[in-house]
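# Coordinate inspection notes
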Amino acid sequence: MTELFKKAWERIKEADSIVLISHINPDGDALGSSLSMYPVLKNMSKKVTVCNLTKPLPDYLDFLPNFNKVTNKLPKSYDLMISFDCGSFDRLGIEEKPPFLINIDHHISNTEYGDINIIDPKAASTSQVVYNMLKTNGIDINEESAVCIYTALVTDTGSFQYESVNDKVFECAADLVRCGVKPDYVAKMLFQRDRLSRLRLLAKAYDTIELCCDGKVAFVEVTKEMMEITGAIKEDTDTIVNSVRAIASVEVAVMLREDDEGIKISLRSKNYADVSKIAVKYGGGGHIRAAGATLKGEFDFSKVKNMLKEDLKEILKGEE
Ligand code: 5GP
Ligand code: MN
């Protein structure tokens, strides 16, 4: 990693105008890791564009420093693009290949689509990879960057609960606190600004929970009708699947959501099942414990569930 971090930094130093981009439908890690580089590059007198092709952006992340700088328009010309937290080129949502691309990520399914690929599947968040890159190159992290890196770490570890959490993660978090992060402020911004519409949606979605495979699998459904009735928006569905996984007997939780493009599936596992295998099979990707895909075409919930039940039997086999 050290060599890659240095090689990437040489490229960054050479570039005048830099685009920082993250995957469509961004989460805390996507926006946090890309925004964390904004103050760093500004300090180096670079021309910086922070880009995400999704509109509107999730407003629960609006407290991130420089959130209002994020644009959905690419500049006409630029020297270098850095992608964050994005497992495949198509998830950037852009058509044209950039002049040079540094791909920084921690997804095990990353397709290495960059000219330089810095992929660390052991990292708890892409922001932790960014942190390591900055440290390796002796760069000071100011409070604005630290808040972004820390927020991404919190959101991608489920508030420091997942297997990816180790001594390095806490050392990184402690250092970020020394850089000015207030953990209680970030926690309040992330978790104490809920919407009533989201809670109403949860109530409807929870009503659809179906257990199968001896209680090891739980399905939960979100229909367009539920969204309309409750006034919920897409991001309100983000953590439903995590709370369904919390059922004691459940190893894998699956959310199925009706989207314009098809049926979006979100998969989460608890102890042993590798759900990234299923997501990849359906053209998506992700991590061992959290993955997703969108099934386009003539599908309904029951057809998708039946297909997934077969796949799930495979990944649940022989494990305990
Ligand atoms: P979620 O289920 O919350 O949408 O996503 C869980 C994880 O899987 C995230 O790390 C996300 O980046 C990844 N993921 C979700 N949907 C897709 C997809 O369609 N393609 C790819 N490559 N990754 C996805
Ligand atoms: Mn991530």
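Predicted model, so just to flag it, every value in this text is computed and none were measured.

### Re the site of ligand 1
- Lining the immediate surroundings of ligand 1 are 14 residues, of which Arg91, His107, Lys264, Ser266 and Arg268 lie closest.
- The contact in question runs from an oxygen atom of ligand 1 to an N or O atom on the side chain of serine 266, over 2.7 Å.
- In isolation ligand 1 exposes 490 Å². Once the protein is present, 82% of that is buried.
- Of all the secondary-structure elements, those providing two or more residues to the shell around ligand 1 are β9 (263-269), β10 (285-286) and β11 (290-295).

### Notes on the sheet that holds strand β1 (residues 17-22)
- A sheet is described by the order of its strands in space; here 5 strands give the open sequence β2-β1-β3-β4-β5, paired in parallel fashion. A strand with exactly one partner marks an edge of an open sheet, and here the two such strands are β2 (47-51) and β5 (116-119). The mean angle between the axes of side-by-side strands here comes to 15 degrees, regardless of whether they run parallel or antiparallel.
- Its contacts with the sheet put helix α1 (residues 2-14) on β1, β3 (80-84), β4 (101-105) and β5, and the angle it makes with β5 is roughly 135 degrees.

### Notes on the pairing of strand β7 (residues 217-222)
- Counting buried positions over the 6 residues of β7 gives 6, a clear majority of the element.
- Burial along β7 is two-sided: Val217, Phe219 and Glu221 facing one way and Ala218, Val220 and Val222 facing the other are all buried.
- When strand β6 (residues 210-212) meets β7, the two strands line up antiparallel, connected through 3 bridges. By the bridge assignment, glutamate 210 is partnered in β7 with phenylalanine 219.
- Counted between consecutive antiparallel strands, the loop separating β6 from β7 contains 4 residues, among which cysteine 213 sits at a positive phi close to 50 degrees.
- Inspection of the sheet shows β7 paired to strand β8 (residues 252-258) by 6 bridges, in the parallel sense. For alanine 218, the partnering residue across the bridge sits in β8 and is alanine 253.

### A closer look at the environment of alanine 246
- Among the structural elements, alanine 246 can be located in the loop between α9 (240-245) and β8.
- Residue alanine 246 is classed as exposed on the basis of its relative accessible area of 59%.
- Put simply, alanine 246 and aspartate 90 are 156 residues apart on the chain and 32 Å apart in space, counted from C-alpha to C-alpha.

Cut-offs applied
Residues numbered from 1 in each chain as written. Chains lettered and ligands numbered in written order. Predicted model: local features only at pLDDT ≥ 70, side-chain atom pairs only at ≥ 80, totals over all residues. Heavy atoms only, no water. Near = heavy atom within 4 Å. Polar contact = N/O pair within 3.5 Å; in protein donor to acceptor, adjacent residues only side chain to side chain. Areas by Shrake-Rupley, 256 points an atom, 1.4 Å probe, with all protein chains shown as cover. Helix = DSSP H or I, 4+ residues; strand = E, 2+ residues; numbered from the N terminus. Pairing = 2+ DSSP bridges. Axes fitted to C-alpha atoms, helices over the stretch in contact; angles between N-to-C directions. Contact = heavy atoms within 4.5 Å. Buried < 20%, exposed > 50% of the residue type's maximum accessible area, 1.4 Å probe, protein only.

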